[in-house]
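# Inside the fold
This is what each chain is made of:
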Amino acid sequence: QVQLVESGGGLVQAGGFLRLSCTASGRTFSSYAMAWFRQAPGKEREYIASISWSGGTTLYADSVKGRFTISRDNAKNTVYLQTNTLKPEDTAVYYCAADLYERFPSNRQADFGSWGQGTQVTVSS
């Protein structure tokens, strides 16, 4: 298993940006795919982006494509989510997740068995 800790959330005005980080411990970080999800109040958790073990392959949800960028630094055991041009509808708790059994990214929540505690992102209009 791995332990995941997110950071970097906060309050930002519409049009602003945040960089979220997720640091992993407990297993060789470069051996598995990672992803970001989010959950807004009263809504189901939704997929945002995922990245392969090497960072060479990335996938995005249509809702964030062109605005958000997922990346990873295996030397720092950290995956990032750069969020640009934020909108009020991006307000949610953002979670990172690990798929310990695959090196290549999925967009299915059920494939990710390890989760962080989440970090709150609030975008004001």
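Preceding this section is the structure that the text describes.
Below: a short report on this structure. The residue count restarts for each chain, going from 1 along the sequence in the order it is written. Residue-level local features of this predicted model are given only where pLDDT is at least 70; pairs of side-chain atoms are given and counted only at 80 or more, and the full residue set underlies all totals for whole chains, interfaces and linings. Each side-chain value is derived from all of the structure's non-hydrogen atoms; neither hydrogens nor water enter the calculation.

What follows deals with the pairing of strand β4 (residues 33–39). When you tally the buried positions in β4, you get six out of seven residues, the bulk of the element. At least two bridges found by DSSP between two strands is the condition for calling them paired. Each helix is a run of H or I in the DSSP string that is no shorter than four residues. Each strand is a run of E no shorter than two, and both are numbered from the N terminus. Note that β4 and strand β9 (residues 92–99) share seven bridges and pair antiparallel. In the sheet register, W36 faces β9, and the bridge partner there is C96. Pairing geometry for β4 and strand β5 (residues 46–51), over five bridges, is antiparallel. Counterpart to W36 in the pairing with β5 is A49. Count of turn residues in the β4/β5 antiparallel hairpin: six residues, of which G42 carries a positive phi of about 75°. Each residue's exposure class comes from its accessible area (1.4 Å probe, protein chains only) as a fraction of the maximum for that residue type: buried when under 20%, exposed when over 50%, partly exposed otherwise.

A few words on the sheet that holds strand β7 (residues 68–73). If you trace the four strands from one edge of the open sheet to the other, you get β1-β3-β8-β7, paired in antiparallel fashion. In this open sheet, the two edge strands, each paired with only one partner strand, are β1 (3–7) and β7. The average angle at which neighbouring strand axes cross in this sheet is 15°, direction not considered. Note on geometry: axes are lines fitted to C-alpha atoms, helical ones only across the stretch in contact, with angles between N-to-C directions running from 0 to 180 degrees.

The rule for a disulfide is simple: a pair of cysteine sulfur atoms within 2.5 Å. The full count for this structure, using the stated rule, is one disulfide. The disulfide partner of C22 is C96, and the gap between their sulfur atoms is 2.0 Å. For the disulfide bridge between C22 and C96, the dihedral angle about the S-S bond is near 50°, and by the sign convention the bridge is right-handed. Placement of the pair is C22 in strand β3 (residues 18–25) and C96 in strand β9, with a sequence separation of 74 residues. The buried category is assigned to C22, whose relative accessible area is 0%. A relative accessible area of 0% means that C96 is categorised as buried.

Between 30 and 60 degrees the pair is tilted, below 30 it is stacked and above 60 it is edge-to-face, where a pair is any two Phe, Tyr or Trp rings, Trp via its six-membered ring, whose centres lie within 6.5 Å. Scanning the entire structure with this criterion turns up four aromatic pairs. When the ring of F29 is compared with that of Y32, the centres are 5.7 Å apart and the planes differ by 85°; the resulting orientation is edge-to-face. Owing to a relative accessible area of 0%, Y32 belongs among the buried residues under this scheme. Taking the centre distance of 5.7 Å and the plane angle of 75° together, the rings of F37 and Y47 count as edge-to-face. Separated by 10 residues along the polypeptide, F37 in strand β4 and Y47 in strand β5 bring together distant segments of the chain. Across this residue pair, the class does not change: F37 and Y47 are buried. The rings of F37, Y47, F112 and W115 are connected pair by pair, giving a single aromatic cluster. The ring centre of F29 lies 4.3 Å from the NZ or CZ of R72, which sits over that ring. When the NZ atom of lysine or the CZ atom of arginine is within 6 Å of a ring's centre and also within 35 degrees of its normal, the charge is said to sit over that ring. Here the basic side chain of R103 rests over the ring of W53, its NZ or CZ set 4.7 Å away from the ring centre.

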